[in-house]
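Here's the letter readout for the chains.
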Amino acid sequence: MYLELQCRSSIYRELCVQTLLPYVTKTGLLSPQLLAQVSLASCLSKARFTKTYLTMVVKKLNETKDSRNYLAIEDCVHQINDGVNQITQSYKELQQMGKDGDEKFMWHESNVLSWVSAALTDATTCIDEILGDDISRREQAMIKARLLNVKQLASNSLVLFNRFTIRYRASRGIKNP
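Residues numbered from 1 in each chain as written. Predicted model: local features only at pLDDT ≥ 70, side-chain atom pairs only at ≥ 80, totals over all residues. Heavy atoms only, no water.

Residues and numbers for the packing of helix α2 (residues 13–27) against helix α3 (residues 32–63), please.
Interaxial distance between α2 and α3 falls to 10 Å at its minimum, and their mutual angle equals 125°. Classed by the angle they form, the pair α2 and α3 counts as oblique. Pair α2 / α3 crosses with right-handed handedness. Contact residues: α2 offers Thr19, Leu20, Tyr23 and Val24, while α3 offers Leu35, Val38, Ser39 and Ser42. (Axes fitted to C-alpha atoms, helices over the stretch in contact; angles between N-to-C directions. Helix = DSSP H or I, 4+ residues; strand = E, 2+ residues; numbered from the N terminus. Parallel < 35°, antiparallel > 145°, perpendicular 65-115°, else oblique. Left-handed = near helix turned anticlockwise from the far one by under 90°. Contact = heavy atoms within 4.5 Å.)

Outline the nonpolar core, listing residues and values.
If you look at the biggest cluster of nonpolar residues, it comprises 49 residues, and the most contacted ones within it are Leu20, Leu54, Ile73, Ile80, Ile143 and Leu147. Elements supplying a minimum of two residues to this core: α2, α3, α4 (67–96), α5 (105–131) and α6 (137–172). Top element by residues in this core is α3. It accounts for twelve residues. (Core = buried A, V, L, I, M, F, W, Y, C linked by side-chain atoms within 4.5 Å. Buried < 20%, exposed > 50% of the residue type's maximum accessible area, 1.4 Å probe, protein only.)

Provide a residue-level description of the state of the cysteines, including the pertinent values.
One pass over the structure, following the stated rule, counts two disulfides. The disulfide bridge from Cys7 ends at Cys16, spanning 2.0 Å between sulfur atoms. Disulfide Cys7-Cys16: the torsion about the S-S bond is -70°, which places it as left-handed. This pair shows no difference in class: Cys7 is buried, exactly as Cys16 is. A disulfide bridge connects Cys76 with Cys126, and the sulfur atoms are separated by 2.2 Å. (Disulfide = S-S within 2.5 Å.)

If you had to explain the packing of aromatic side chains to someone new, which residues and values would you point to?
By the definition in use, this model includes four aromatic pairs. A ring pair is formed by Phe164 and Tyr168, whose centres lie 5.8 Å apart and whose planes are at 55°; its orientation type is tilted. Here Phe164 and its partner Tyr168 are both found in helix α6, four residues apart, which amounts to about one turn of the helix. Relative accessible area serves as the criterion here: at 10%, Tyr168 is assigned to the buried category. (Phe/Tyr/Trp six-rings, centres within 6.5 Å; stacked < 30°, edge-to-face > 60°.)

Report on the packing of α3 against α6, specifying residues and quantitative values.
Between α3 and α6, whose axes approach to 8 Å, the crossing angle comes to 160°. As judged from the angle between their axes, α3 and α6 are roughly antiparallel. For α3 against α6, the interelement crossing comes out left-handed. Taken together, the residues of the contact of α3 with α6 break down into 19 nonpolar, seven polar and five charged. (Nonpolar A, V, L, I, M, F, W, Y, C, P; charged D, E, K, R; others polar.)

Encoded structure:
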């Protein structure tokens, strides 16, 4: 029930609950900030896994001299790499929030929102680019599933992060920008 309440604003509620459940059952109830951190860490893990998979696909396409698909996937690898970097920065920024004073809270908040949103956009762009090419349907489906998972996890991370910031600001009397 606790996780369902935390994930209720998410478009991908089931995935949100499934992602967080192992951590809540092991450690008990997590604070909104820790839920957001766990969500970002899960998103980062999937983004790294997806980057590794796409790098393998690029290598295979390069060996077969499939230049059109190679370029599309290679571009996607760069975008996902950017997403990995952005999610990594977001995770570090989230860990700092509240530790260096309320006056910096909104600055940290803005950074996390910008970076996770950019990672979400990168994953969406990759899906659109790859599906327009002549990659086999099986390969397209595998790539799309991995990218879609990153996109959904990033979306859930934004929801949980927003829940955290709203509650934090309310508890400290920090006004919205």
